[in-house]
Amino acid sequence: MASGSYLDEARNAALAFGDSLLGLAKPRLRIGVTGLSRSGKTVFTTALIQNLVEGARLPVLKAAAEGRISRVRLVPQPDPEVPRFPYEAHRAALAGPDRRWPESTRRISELRIEIDYERAAGWFKGPATLTLDIVDYPGEWLLDLALIGQDYAAWSAQAVADARKAHRLGVAGAWLADLALRDPEGAPDELAAEAASDSFKAYLAALRADPEAVAVTPPGRFLMPGDLEGSPALTFAPLDLAPGTVPRAGTLAGLMSERFEAYKRVVVGPFFREHFARLDRQIVLVDALAALDAGPEALADLETALGQALTAFSVGRNSLLSSLFSPRIDRVLFAATKADHVHHTSHDRLARVMAHLVQRAMAKAQGAGATVEAMAFAAIRATREVRIREGRDDLPAIAGVPEAGEVVDGEVFDGRSEAAIFPGELPERPEAIFDHAQAGHWQIRAPRFRPPLVKPDAGGRMAPPPHIRLDRVLEFLIGDRLA
Ligand code: GDP
């Protein structure tokens, strides 16, 4: 293992050296897009590419506003073992006659674009090309980093304790019943391991089945297996071990413990070394509004998940983790998505809620030398702003077409008619969202809206769908490299 990671480090260093040599001719930037399932990665990645490639108006992206971007094009995806991000299919789904949201991220994928631009000024003034690699991967995989320093017994104890928390009991009941049947000291039976693992995975899936739920229990591949679905490294589960138990070979606990170690070795290590360690910048997407809607427990779960995932950004030198990989990420953006679910009067407040949720993680990542920011945005704006009267009040509301079957105040929508909704407002002080006395007060009641209908402009040209602050996100992620 030690020599393996040493060799990998040497290989990565060689890759980075090669990158930087080539970088003299053609600068490169590798951006990771992550976030838990349904946070908005696919929609964001599609919108980012579409806005750049189709030359949309992006006033806050300086290079675009100053007219210095001459051409942006898709080029062949360079990593043979990583699937290409299916941009064209996603764009077609959004723009097609039935305006569908694209298929969500379930595994890692990547796309390369080249941006021809004019350098702003100074010694290097003149034409240049920036190569941008965009790597989209499930945020659930980042949660696995928490496993590295843990052994099977500690992980098991944590998973069982989490499942026994009052707010989890409903969904955890079936797995906890199965757990009671499994004897850690019993024979290392393959079928028992499989049955226990299936039951545990069903529990994790049930946790996610609630659209607002946030799963914080690793292993991440149990939720998002990618290409590893069904492999032995993914066939294990926690057992109810007595405190202080050391799993012995020849027992069920021993088998589970071996599998747990194999998972770390063949799944977690390679992901961090081969993908994460090569990223230059990272955007972490967070559906903070959905967690707010679900209440303080979901928010606390989200905060824990973010804290776990973000350990990855602050791996310092000489730590256990740095022997596995060393990140070179110099900018991290935490972005609350779907800001079009609230009126613009709440956009800055949403950004502050985002900053509040990640404040500890932000401080750590800053300590490790990265520039960190929090924002709120919508990659695609599916709503417009209206005001509605409720009694004597004139409320800041949003209007859009809810997806067929969405229910608002008892009314079931058909997917065709527009609805004006007062989604609620976010608090002035972000700490208020954790105040149990006010639980429910900050609920944002937005349904899922259909993607917006985009009409051609006077010249018959179709512009990309509207967005909120996507240009701000881009300026943070790539602006300095287009200066
Ligand atoms: P992923 O699992 O992180 O890839 O999430 P997706 O990008 O597939 O987004 C999940 C769902 O969230 C989509 O199907 C949309 O319903 C919704 N969504 C994502 N981004 C936006 C946005 O910018 N605005 C709105 N209104 N909805 C969004």
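Because the structure is a prediction, the values reported are computed rather than measured.

## So, the sheet that holds strand S4 (residues 126–136)
Okay, so step 1: Read from one edge of the open sheet, 7 strands run S2-S3-S4-S1-S5-S6-S7, paired in mixed fashion. Two strands lie at the open edges of the sheet, namely strand S2 (69–75) and strand S7 (371–376), each paired on one side alone. Taken pair by pair, the neighbouring strands of this sheet meet at an average axis angle of 20°, ignoring direction.
Okay, so step 2: In terms of strand pairing, strand S5 (residues 281–286) meets strand S6 (residues 331–336) through 6 bridges, oriented parallel. Opposite Val284, over in S6, you have Phe334 as the bridge partner.
Okay, so step 3: Along the sheet, helix H13 (residues 347–357) contacts S5, S6 and S7; its crossing angle with S7, the most-contacted strand, is approximately 140°.

## Some details on the packing of helix H7 (residues 169–181) against helix H8 (residues 190–209)
Okay, so step 1: One can describe the packing of H7 onto H8 by two numbers: an axis separation of 8 Å at closest approach and a directional angle of 170°. Considering their axes alone, H7 and H8 lie roughly antiparallel with respect to each other. For the pair H7 and H8, the contacting residues are Val171, Ala172, Ala174, Trp175 and Asp178 in the first and Ala195, Ala196, Ser199, Phe200, Tyr203, Ala206 and Leu207 in the second.
Okay, so step 2: Across the contact of H7 with H8, the residue classes break down as 10 nonpolar, 1 polar and 1 charged.

## As for the packing of aromatic side chains
Okay, so step 1: Counted according to the given criterion, the structure contains 18 aromatic pairs.
Okay, so step 2: Ring geometry for Trp155 versus Phe200: centroids 5.9 Å apart, planes at 85°, classification edge-to-face. Separated by 45 residues along the polypeptide, Trp155 in helix H6 (residues 152–163) and Phe200 in helix H8 bring together distant segments of the chain. For the pair Trp155 and Phe200, a shared accessibility class is recorded, and that class is buried.
Okay, so step 3: Where Phe271 meets Phe272, the ring centres are 5.1 Å apart and the plane angle is 75°; that geometry is what we call edge-to-face. Accessibility assignment for this pair places Phe271 and Phe272 in one class, buried.
Okay, so step 4: Members of the aromatic cluster, joined through ring pairs, are Tyr152, Trp155, Trp175, Phe200, Tyr203, Phe222, Phe236, Phe260 and Tyr263.
Okay, so step 5: Against the face of Phe222 rests Lys201, its NZ or CZ located 4.8 Å from the ring centre.
Okay, so step 6: Positioned above the aromatic ring of Trp141 is the side chain of Arg221, whose terminal nitrogen or guanidinium carbon lies 3.5 Å from the ring centre.

## As for the site of the ligand
Okay, so step 1: In the vicinity of the ligand, 18 residues are found, and the nearest of them are Arg38, Lys41, Thr42, Ser104 and Asp340.
Okay, so step 2: A distance of 2.6 Å separates an oxygen atom of the ligand from a polar atom in the side chain of Ser104.
Okay, so step 3: Take Thr105: an N or O atom from its main chain is 3.1 Å from an oxygen atom of the ligand.
Okay, so step 4: Within the complex, the protein chains bury 94% of what would otherwise be the 580 Å² of accessible surface of the ligand.
Okay, so step 5: In terms of residue class, the shell around the ligand is built from 7 nonpolar, 7 polar and 4 charged.

## Details of the domain arrangement of the protein
Okay, so step 1: Annotation of the protein at the domain level lists domain 1 (3–137 + 275–381 + 469–482) and domain 2 (148–270).
Okay, so step 2: Taken together, both faces of the contact between domain 1 and domain 2 bury some 1,500 Å²; the carbon and sulfur share is 58%.
Okay, so step 3: One can count 2 salt bridges joining domain 1 with domain 2.
Okay, so step 4: Where Asp227 meets Arg107, a salt bridge forms, and the shortest distance between an N and an O atom there is 3.7 Å.
Okay, so step 5: The tally of links between domain 1 and domain 2 comes to 0 residue pairs in polar contact (both at pLDDT 80 or more).

## Description of unusual backbone geometry
Okay, so step 1: A positive phi angle is found at Lys338, which is not glycine, with a value near 60°.
Okay, so step 2: Among the structural elements, Lys338 can be located in the loop between S6 and H13.
Okay, so step 3: Of note, the phi angle at Arg469 is positive, near 60°, even though the residue is not glycine.

## Some points on the sheet that holds strand S12 (residues 419–421)
Okay, so step 1: Taken together, 3 strands build an open sheet; the order of strands is S8-S9-S12 and the sheet is antiparallel. The open sheet has two edge strands with one neighbour each: strand S8 (384–390) and S12. Averaged over all adjacent pairs, the angle separating strand axes in this sheet is 40°, with direction ignored.
Okay, so step 2: Across 7 bridges, the pairing between S8 and strand S9 (residues 393–400) is antiparallel. When the bridges of S9 are listed, Glu390 appears paired with Asp393.

Rules of the game
- Residues numbered from 1 in each chain as written.
- Predicted model: local features only at pLDDT ≥ 70, side-chain atom pairs only at ≥ 80, totals over all residues.
- Heavy atoms only, no water.
- Pairing = 2+ DSSP bridges.
- Helix = DSSP H or I, 4+ residues; strand = E, 2+ residues; numbered from the N terminus.
- Axes fitted to C-alpha atoms, helices over the stretch in contact; angles between N-to-C directions.
- Contact = heavy atoms within 4.5 Å.
- Parallel < 35°, antiparallel > 145°, perpendicular 65-115°, else oblique.
- Nonpolar A, V, L, I, M, F, W, Y, C, P; charged D, E, K, R; others polar.
- Phe/Tyr/Trp six-rings, centres within 6.5 Å; stacked < 30°, edge-to-face > 60°.
- Buried < 20%, exposed > 50% of the residue type's maximum accessible area, 1.4 Å probe, protein only.
- Lys NZ or Arg CZ within 6 Å of the ring centre and 35° of its normal.
- Near = heavy atom within 4 Å.
- Polar contact = N/O pair within 3.5 Å; in protein donor to acceptor, adjacent residues only side chain to side chain.
- Areas by Shrake-Rupley, 256 points an atom, 1.4 Å probe, with all protein chains shown as cover.
- Domains from an automatic or database assignment.
- Buried area = accessible area lost by both parts, 1.4 Å probe.
- Salt bridge = Lys/Arg side-chain N within 4 Å of Asp/Glu carboxyl O.

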